[in-house]
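Listed here are the chains, written in short residue letters.
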Amino acid sequence: MELLPQALADGILLGGIYITIAIAFSLTYGVMHVIDFAVGEWIMFGAFTGYYLNKWTGLDPFLFMPVIFAAYFVVGYLVQPVIHRVLSGTKGNPFLMGLVFTFGLAIMFKGLALTVFGYYSNSIPSMFSEGAFTFENLGAGVTIPTVRLVGLIYALAITAALHYLLKKTNFGLGVRALAQHKDAAGLMGVNSKRTGSYVYGIYVGISAMTGVLLGCILSIGAQMGNEYTIFAFFVVVLAGMGYLAGVPWAALLLGMVQSIFMIYFNPSHTLLAVFVILYLILLISPRGLFAKGV
Amino acid sequence: MKALNNRLGLMALIVALLFALPLLVNDTFILRVATEAIMWVGLAIAFDVIAGYTGYLNFGHGAFFGIGAYTIALLMMKANLPFALALPAGGVAAGIAALIAGIPTLRLKGAYFAIATWALSRAIQQLALNVEWTGGPDGMRLDAYLHPEFFYYLMLVTVGATFLLLWYLLERAPFGLKLKAIREDEEGAKALGLNPTKLKMQAFILSALPTGVLGGIYAYWITFIDPSSTLGDMVSDQAVVMVVFGGMGTLFGPAIGALLIFAFKTVFWAYLSDYQLLYLIILGALIAVSVIFIPNGLWGTLMSRKKAETARPEPVLKAGVAQEEAN
């Protein structure tokens, strides 16, 4: 039990980062009504962009984060109209097709990444990766690496920014209206196409930016995307679909599960544990932890 | 009637050719390629039961294939069961897995079912990699049974029987209409007195059973299975490409998609084996492109064009007849 405080601290710090991905992910779902299978691949692309920028310029990866956000915002903004086109098609079943489309994107991105980056895994060095804070007075020693603390600050900042964007701006009002009722929102003057593009851009940007952070804390590899797609899905389903307020709690739980498995069990069983938990929760409460999902 | 006779004749010819193939060619390579092509046809049509007909995408179809393969390998190597007894067990195991996986996931909306099944398949792959009794990443070896003709006929009969069964259930019996009703409007289907949860479960099991059997045949045929070859995402990814490219919600579409994609894969592997990752990119791109340009798939697009062509001349013909009568 000596390690428990450490495991919990790690879990909170890691879960904090997942919040950012999961909020953006469920926001996209709310607006486009399609799950983006490529979420893990956006994270992976962001991580690799950070890795190479760091290698070429020698600057700290944290400095690149705004640049990566901006670059991937543009990418997402340009990709979304294609998804929108698929979703508003008249042939076949547009909803299924949208799902299949992002699945295809994910496969393509993974293939691209494996071709370009190969199979090796790496981590991004940062000025924060060395130091750590140690707390001795909690019964057992808890060590918090600086980089993880910075990650938590980052997560809180992003979450606060998204909260502000959604609740206090006209744009956010439009996004929420779209999530509630697409046609009615359109009648009220919300441009669903452009809003969708912005939201998707923001989501891709945040995912890529968070990828850099994950690359600093954990590791990067061309196949890392799978895991994060499952994590994003886990958080969103656990929170209850479309219930944003549940996302932080579900993300923290995921962080805990992951850190507990890393410390006490075999870390390669994490995915399995995540799935078993998901399975049990869905059996008991299909609408998520708080029974507030759709 | 004549068209029907023509079609029946064509079918009979194809079936006869398929059965005579091992007698006609003496090349084991060709036989091997044909065996695997037939297997992919089976996997694609089984995938289409839940994806195309019911509208629930199962991105973890490969999991059932792997479960079948591992069940057979374990039963034959650890329990020393004969193949004939182990094979049905492979299908049953896949069916049970579908039942267990389906109980919570089939309550989810389409998108969540898709990603849940995908997560399940990743989890099962991890399980196979990490437990002792599957041999972990080293996989399992089976005793070789070197009769390519036997496997060819077994695959042919299994896939043929699956095709006929599915064709009857989905195209001739009310079951297919019920599934389509769920795909088009689940609430509406419920209002008409259908039980979507039960029907979805039946479709899911119907999709998993043949997949498990095919996995079992594959394991005994290839004699070596490991988590990446049978449980990896390649099986699921290819099934998705085949069905989407060929045409969802039909039986001929996926079959044709499977044949074309597998032919492409074989050629690609033969000449460009250094660029295996490129294949992954092409698969992904093919999915995306067919979704944008032929959302009904190759078969669906061809059929609707044919329908449009035959629909147009009819009034002209009738007018001509009427004129002749008037004269």
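Structural notes on the domain arrangement of chain B
By a widespread convention, an interface's size corresponds to the accessible area lost as its parts come together. Split by domain assignment, chain B resolves into domain 1 (31-295) and domain 2 (302-327). Taking the mean C-alpha position of each, domain 1 of chain B and domain 2 of chain B sit 42 Å from one another.

Considerations on the packing of helix 9 (residues 225-239) of chain A against helix 11 (residues 270-284) of chain A
Residues and elements named next belong to chain A. Taken N-terminus to C-terminus, the directions of helix 9 and helix 11 make an angle of 25 degrees; their axes are 11 Å apart at the nearest point. One element, helix 9, and the other, helix 11, form an angle in the roughly parallel class. By crossing handedness, the relation of helix 9 to helix 11 is classed as left-handed. Within the contact between the two elements, helix 9 uses E227, I230, F234, V237 and L238 and helix 11 uses L271, V274, L278 and I281. Classifying every residue of the contact of helix 9 with helix 11 by side-chain character gives 8 nonpolar, no polar and 1 charged.

Examining unusual backbone geometry
Residues and elements named next belong to chain B. Positive phi, close to 55 degrees, is recorded for N80, a residue that is not glycine. Along the chain, N80 turns up in the loop between helix 3 (61-77) and helix 4 (83-105). By the C-beta count within 10 Å, which is 8 here, N80 ends up exposed. In this structure, T223 takes a positive phi of about 65 degrees despite not being glycine. Mapped onto the secondary structure, T223 falls in the loop between helix 9 (196-222) and strand 2 (224-225). The exposure class of T223 is partly exposed, given the 15 C-beta atoms found within 10 Å.

Re the packing of helix 7 (residues 174-184) of chain B against helix 9 of chain B
Residues and elements named next belong to chain B. Helix 9 packs onto helix 7 with a crossing angle of 115 degrees between their chain directions and a minimal axis gap of 10 Å. With respect to helix 9, the element helix 7 is oriented roughly perpendicular. Read as a crossing pair, helix 7 and helix 9 show a hand that is left-handed. Where helix 7 abuts helix 9, its residues K178, L179 and I182 lie against P196, L199, K200 and A203.

Focus: the confidence of the model for chain B
Residue and element names in this part refer to chain B. Averaged over all residues, the pLDDT of chain B is 85; the fraction at 70 or higher stands at 93%. Element-level pLDDT for chain B is lowest in helix 15 (residues 313-326), with a mean of 48, against a maximum mean of 93 in helix 9. Segment residues 314-327 is flagged for pLDDT under 50; beyond a separation of four residues in sequence, or across chains, it makes 0 contacts in the model. Overall fold confidence for the complex sits at a pTM of 0.86, while the interface term, ipTM, reaches 0.83.

Side note on the interface of chain A and chain B
With 39 residues of chain A at the interface, the matching set in chain B holds 34 residues. Among the elements of the structure, helix 3 (61-87), helix 4 (94-117), helix 9 and helix 11 of chain A are those that each provide at least two residues to the side of chain A that touches chain B. Of the residues in the side of chain A that touches chain B, the class split is 26 nonpolar, 10 polar and 3 charged.

Focus: helix 12 (residues 252-271) of chain B
Every α-helix winds through 3.6 residues per turn, so residues three or four apart in the chain are directed the same way. For helix 12 of chain B, built from 20 residues, the straight-helix expectation of 28 Å at 1.5 Å per residue is met to within 8% by its first-to-last C-alpha distance of 29 Å. When we look at burial in helix 12 of chain B, the residues that qualify are B:G253, B:P254, B:A255, B:I256, B:G257, B:A258, B:I261 and B:F262.

Calculation criteria
- Residues numbered from 1 in each chain as written.
- Chains lettered and ligands numbered in written order.
- Predicted model: local features only at pLDDT ≥ 70, side-chain atom pairs only at ≥ 80, totals over all residues.
- Domains from an automatic or database assignment.
- Axes fitted to C-alpha atoms, helices over the stretch in contact; angles between N-to-C directions.
- Helix = DSSP H or I, 4+ residues; strand = E, 2+ residues; numbered from the N terminus.
- Parallel < 35°, antiparallel > 145°, perpendicular 65-115°, else oblique.
- Left-handed = near helix turned anticlockwise from the far one by under 90°.
- Contact = placed C-beta atoms within 7 Å.
- Nonpolar A, V, L, I, M, F, W, Y, C, P; charged D, E, K, R; others polar.
- Buried ≥ 20, exposed ≤ 12 C-beta atoms within 10 Å, placed from the backbone.
- pLDDT = per-residue confidence, 0-100.
- Expected span 1.5 Å × (residues − 1).

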